[in-house]
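Here is what each chain is made of, one letter per residue.
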Amino acid sequence: MIPAVTGEDPRPDGREREVAHTQATPDEDRQELRLAVVMTGGVSLAVWMGGVAHEINRMLQGSHAAYEGLLDLTLSRARVDIVSGASAGGLNGALLATAIAHDVGLEDLRGARGH
């Protein structure tokens, strides 16, 4: 049975108890959630792939409470090892890989220019 999001943990006897909230677990004590991202081609899919890239980047940046909560609940940290794509998926994958390599959000790449 999955613990309730409210912070209560169901017990087999039907009673409920509060889940102890502890301080954040150090990164070295967390398990790695390692991802390999493959984005397909297709012009109309570029928008959807861009959304996927954006959400993966938000999870890695810890910029959304839902992702932060899930990673804390599972005592894990997310990492992307491989990014690949074809056509429009390749463009989205390249942007995601650039954001990951420079440890920035995808929205921060909008005004970036090469030197």
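Per chain, residues are indexed from 1 in the order of the written sequence. Totals for whole chains, interfaces and linings use all residues, but because this is a predicted model, local features are given only for residues with pLDDT of at least 70 and pairs of side-chain atoms are given and counted only at 80 or more. With hydrogens and water set aside, each side-chain value is computed from the structure's full complement of heavy atoms.

## Here's the deal with the overall build of the protein chain
By definition, any uninterrupted DSSP run of H or I lasting at least four residues is a helix, any uninterrupted run of E lasting at least two residues is a strand, and each is numbered from the N terminus. If you tally the helices and strands in the protein chain, you get three helices and four strands. Helices and strands appear in the protein chain in the N-to-C order β-β-β-α-α-β-α. A contact between two residues is defined here by any heavy atoms of the two lying within 4.5 Å. Here the contacts in the protein chain between residues at least 6 apart in sequence split such that 60% fall between residues at least 24 apart. In these tables, accessible area is a Shrake-Rupley quantity obtained with a 1.4 Å probe, and a residue counts as shielded only by the protein chains included in the view. In the structure as shown, the protein chain presents an accessible area of about 8,400 Å², 57% of it carried by carbon and sulfur atoms.

## Structural notes on unusual backbone geometry
A positive phi angle, close to 50°, is found at Leu-75, a residue other than glycine. Within the element layout of this structure, Leu-75 appears in the loop between α2 (65–73) and β4 (76–85). With a phi angle near 55°, Ser-87 is a residue other than glycine that sits in the positive phi range. Its place among the elements puts Ser-87 in the loop between β4 and α3 (88–101).

## Observations regarding the side chain of Asn-92
Following the sequence through the fold, Asn-92 ends up in helix α3. Only protein chains enter the area calculation, which uses a 1.4 Å probe; residues under 20% of their type maximum are buried, those over 50% are exposed, and those in between are partly exposed. With relative accessibility at 14%, the residue Asn-92 sits in the buried group. Aside from chain neighbours lying at most four places away, what touches Asn-92 is Met-39, Ala-46, Met-49, Gly-50 and Ala-53.

## Details of the environment of Leu-95
Inspection of the secondary structure puts Leu-95 in helix α3. We classify Leu-95 as partly exposed; its relative accessible area is 44%. Every residue in contact with Leu-95, bar those within four places of it in the chain, is listed here: Leu-106 and Leu-109.

## Topic: the environment of Gln-31
Positionally, Gln-31 belongs in strand β3 (residues 31–39). Overall, the relative accessible area of 57% leaves Gln-31 in the exposed class. Separated by 44 residues in the primary sequence, Gln-31 and Leu-75 place their C-alpha atoms 6.3 Å from one another. When neighbours within four sequence positions are excluded, Gln-31 is seen to be in contact with Leu-75, Ser-76 and Arg-77.

## Looking at the pattern of salt bridges
Each salt bridge in this description consists of a side-chain nitrogen of Lys or Arg and a carboxyl oxygen of Asp or Glu lying within 4 Å of one another. By the definition in use, this model includes seven salt bridges. Arg-34 is paired through a salt bridge with Glu-32; the nearest N and O atoms lie 3.8 Å apart. Here the salt bridges share partners, and the residues they tie into one network are Glu-32, Arg-34, Arg-77, Arg-79 and Asp-81.

## Some remarks on the side chain of Arg-30
Within the secondary structure, Arg-30 sits in the loop between β2 (16–18) and β3. With relative accessibility at 11%, the residue Arg-30 sits in the buried group. Here Leu-71 takes part through its backbone oxygen, which lies 3.1 Å from a polar atom of the side chain of Arg-30. Polar contact is the term for a pair of N or O atoms within 3.5 Å; when the atoms are in protein, one must be able to donate a hydrogen and the other to accept it, and sequence-neighboring residues count only if both atoms are side-chain atoms.

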